[in-house]
Amino acid sequence: MNDLSDLYQEIIMDHRRNPRNEGLPADHTHTADGFNPFCGDKVSVAVKIEDGSIIDVGFSGEGCAISMASASLMTEAVSGKSIDDATASFEAFRKLLTDGDTSGGVDLGDLEALAGVRAYPTRIKCAILSWHTFKSALENDSAPVTTE
Amino acid sequence: MPGPHGFDIDSVRQQFPILDVEINGHPLVYLDSAATSQKPQVVIDAISNYYARSNSNVHRGVHTLSQQATDIYEETREKTRALINASDSREIIYVRGTTEAINLVASTYGRQNVGEGDDVIVTAMEHHSNIVPWQILCEEKGANLKVVPMDENGDLIMEEFDRLLSDRTKIVATVHLSNALGTINPVKEMFKKARTVGAATLLDGAQSAPHMAIDVKDIDCDFLAFSGHKLYGPTGIGILYGKYDLLSQMPPYQGGGEMIASVTFEKTIYAELPAKFEAGTPHIAGTAGLGAAIDFVNEIGLDNVAAHERTLLDYSIERIGSINGVKLIGNPKHRSGVISFVVDGVHPHDVGTVLDSQGIAIRAGHHCAQPVMAHFGIPATVRASFGMYNTTNEIDRLYEGVQQVFEVFG
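Since the model is a prediction, treat every value here as computed from it, not as a measurement.

Rules used throughout
- Residues numbered from 1 in each chain as written.
- Chains lettered and ligands numbered in written order.
- Predicted model: local features only at pLDDT ≥ 70, side-chain atom pairs only at ≥ 80, totals over all residues.
- Heavy atoms only, no water.
- Domains from an automatic or database assignment.
- Contact = heavy atoms within 4.5 Å.
- Buried area = accessible area lost by both parts, 1.4 Å probe.
- Salt bridge = Lys/Arg side-chain N within 4 Å of Asp/Glu carboxyl O.
- Polar contact = N/O pair within 3.5 Å; in protein donor to acceptor, adjacent residues only side chain to side chain.
- Helix = DSSP H or I, 4+ residues; strand = E, 2+ residues; numbered from the N terminus.
- Nonpolar A, V, L, I, M, F, W, Y, C, P; charged D, E, K, R; others polar.
- Core = buried A, V, L, I, M, F, W, Y, C linked by side-chain atoms within 4.5 Å.
- Buried < 20%, exposed > 50% of the residue type's maximum accessible area, 1.4 Å probe, protein only.
- Pairing = 2+ DSSP bridges.
- Axes fitted to C-alpha atoms, helices over the stretch in contact; angles between N-to-C directions.

Trainee: Any details on the domain arrangement of chain B? Residues and values, ideally.
Mentor: All names here are of chain B. Examined at the domain level, chain B breaks down into domain 1 (9-30 + 302-409) and domain 2 (45-298). Once you take the C-alpha centre of each, domain 1 and domain 2 turn out to be 29 Å apart. Contact with domain 1, which involves 32 residues of that partner, is made by 28 residues of domain 2. Counting each side, the surface lost to burial between domain 1 and domain 2 is near 2,400 Å², with a carbon and sulfur contribution of 60%. The tally of links between domain 1 and domain 2 comes to 1 salt bridge. Put simply, Asp-155 and Lys-333 hold a salt bridge, and the shortest N to O gap is 3.8 Å. Counting across the interface, domain 1 meets domain 2 through 13 residue pairs in polar contact (both at pLDDT 80 or more). Listing elements by their share of the side of domain 1 that touches domain 2, those giving two or more residues are helix H11 (302-321), strand S14 (338-343) and helix H13 (370-376). In terms of residue count, H13 provides more of the side of domain 1 that touches domain 2 than any other element does, 6 residues in total. In the side of domain 1 that touches domain 2, the residues fall into 16 nonpolar, 12 polar and 4 charged.

Structure, rendered in structure tokens:
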């Protein structure tokens, strides 16, 4: 039996109530939109990159607690990082959600609060949507991202 | 306790083995019958017995088993004919489900009869399966898909339907009972009007078939589509009913075995109805299960089911609608089967997860009806939908479940 408090951890509920970096920076250099057709969650991510580093990042969107909290946590996790480090965080986060694997040597910090999502396979897409969108923004891929 | 017509909820529930299953440590409360109904033991047994004792291919072998399989297959066709009061069992075509039935009509009758500048009319509350096949057709033909709008209650605006009808209207395809809102549409009246402009009519009965008797003569539709799996039968088997004269004139949908009278490399002569539309080895076990489901539903009586579900619907509207912070979506004049709602400040997906943790299965999402969600300006709803086996006690569990949502997200 899954315990709901593993899924809706306090950090997640806090980010849901008080999202960080909400709103898209006007002077962004990269942006992308993401959509989860399964539940209708939408997120947009905009990033300002200078000299290979993420100077500013923000998101907007609507969706469930997991997707919105994950977007907020994502912006905190990548802010100020180099593109390579942010991409490494994405890979480590994806492994955490899909395999429960934290052996990659990347410190995920608050992102680990989302580890409980792994027990809810239908919700993994909610947690990963903003990350896929972020990655798409980095690649400046103009096609909207979907989780399908 | 037996109801007024001998409807005994306890004995009904005993026939559904899945209702004994525990989910996350709680007795299952299954409120997702609009997605698919649960199956009574007689349906499960019919499928199992078919494979254990009668498995063979239909309409092919001279041997005894093949005859048994063919008998089962054709008996279900006759049971289906009787269920919907069709004139002739050759008007009953087996398909995979409602979606395939609609695609069949769009690809055959539609391609044959809809041309450039013609109109196909659907309603604002269609399931995607009664939108997309027509969009594909209209795109191919340069025809227009017209949509009958609905009002804030989730009722169709009939004046707008009247306005859309013209001699360009070739097909009117409408949902009988909305899966997202529960609205029962005035299809008999709509089809009568459609006939005055010479349009063919298709009724999407996916949701209505489990909740009410459908009489194709009374409604006078040209086509009716429905699925076995929402009618307490198995997945993968569904029905297309079509008027004999129309089906006869339509080209085949798929080519292959079973649907031919003779084949040479120069020319193929197609089989008579219904075989013309049943290419390949069909879902014989599915028809065994569907036949058992129809017998089961007839024995209980769709009128009894409808009366019981009316009680559930009224109780849930009152009970769930009374919760502070819950808003029911849609308030149609005539309705059945489902309630849709949103919870203030909590996404339906999160509501669904909290309810699931208490063993309550509901649907959270857009219900394959994104235009309906757009109409009400919401991304998704929580939908509780009923079957003959649900109880008011289960709606109390849903009520308590929603209270739990407020505790988690308070």
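Trainee: Could you give an account of unusual backbone geometry, naming the residues involved and the relevant values?
Mentor: The bulk of non-glycine residues show a negative phi, and the bulk of peptide bonds are trans. All names here are of chain B. For the bond running from Leu-273 to Pro-274, omega is 0°, close enough to zero to count as cis. For Pro-274, the position within the fold is in the loop between strand S12 (268-270) and helix H10 (284-300). Although it is not a glycine, Asp-220 adopts a positive phi angle of roughly 60°. Of note, Asp-220 is situated in the loop between helix H8 (216-219) and strand S9 (223-227).

Trainee: Account for the interface of chain A and chain B, with residues named and values stated.
Mentor: Taken together, the contact pairs 20 residues of chain A with 15 residues of chain B. When the two sides are added together, the surface that chain A and chain B hide from each other amounts to roughly 1,400 Å², 57% of it contributed by carbon and sulfur. At the junction of chain A with chain B, the criterion picks out 1 salt bridge. Applying the counting criterion to the chain A and chain B interface returns 8 residue pairs in polar contact (both at pLDDT 80 or more). Elements supplying a minimum of two residues to the side of chain A that touches chain B: helix H1 (4-7), helix H2 (10-17) and helix H3 (65-78) of chain A. When its residues are assigned to classes, the side of chain A that touches chain B shows 13 nonpolar, 3 polar and 4 charged.

Trainee: Can you lay out the nonpolar core for me, pointing to particular residues and giving the numbers?
Mentor: Counting 69 residues, the largest nonpolar core has A:Tyr8, A:Ile66, A:Phe93, A:Trp131, A:Phe134, B:Ile362 and B:Leu398 as its most contacted members. Apart from the residues within four sequence positions on either side, A:Ile66 is in contact with A:Leu7, A:Tyr8, A:Ile12, A:Leu114, A:Val117, A:Arg123, A:Cys126, A:Ala127 and B:Asp350. Grouped together as the second largest cluster of nonpolar side chains are 67 residues, B:Val58, B:Tyr73, B:Leu83 and B:Val297 included.

Trainee: I'd like a description of the sheet that holds strand S13 (residues 326-328) of chain B, backed by residues and values.
Mentor: The strands that make up a sheet pair up through hydrogen bonds in the backbone, lying either parallel or antiparallel. All names here are of chain B. The 4 strands lie next to each other as S13-S14-S17-S16, forming an open sheet whose pairing is antiparallel. Each of the sheet's edge strands pairs with one partner strand only, and the pair in question is S13 and strand S16 (363-365). Neighbouring strand axes in the sheet, compared pairwise and without regard to direction, differ in orientation by 30° on average. Sheet strands touched by H11: S13 and S14. Its angle to S14, the strand with the most contacts, is close to 10°. On top of the sheet, helix H14 (residues 392-409) reaches S13, S14 and strand S17 (381-385); it is set at about 15° to S14, its chief contact.

Trainee: Explain the sheet that holds strand S10 (residues 238-242) of chain B to me, using residue names and the numbers behind them.
Mentor: Residues and elements named next belong to chain B. Strand order in the open sheet made by the 7 strands is S4-S10-S9-S8-S7-S5-S6, with mixed pairing throughout. Strands at the two margins of the open sheet, each flanked by one partner only, are strand S4 (92-95) and strand S6 (144-148). Along the sheet, successive strands turn relative to each other by an average axial angle of 20°, direction set aside. Two strands pair when backbone bridges link them, and strand S5 (residues 119-123) and S6 are joined in this way by 5 bridges, in the parallel orientation.

Trainee: Go over the pairing of strand S2 (residues 41-50) of chain A, please, and point to the residues and values.
Mentor: Residues and elements named next belong to chain A. Of all 10 residues in S2, 8 are buried; the element is thus mostly enclosed. Alignment of strand S1 (residues 30-36) against S2, held across 7 bridges, turns out to be antiparallel. Within S2, the residue paired with Thr-31 across the bridge is Ala-46. What sits between S1 and S2 in their antiparallel hairpin is a turn of 4 residues, with Gly-40 showing a positive phi close to 85°. Where S2 lies against strand S3 (residues 53-62), 9 bridges are found, and the strand directions are antiparallel. Among the inter-strand pairings, Val-45 is bridged to a residue of S3, identified as Phe-59. Between S2 and S3, which pair antiparallel one after the other, the connecting turn spans 2 residues, and Asp-51 there sits at a positive phi close to 50°.

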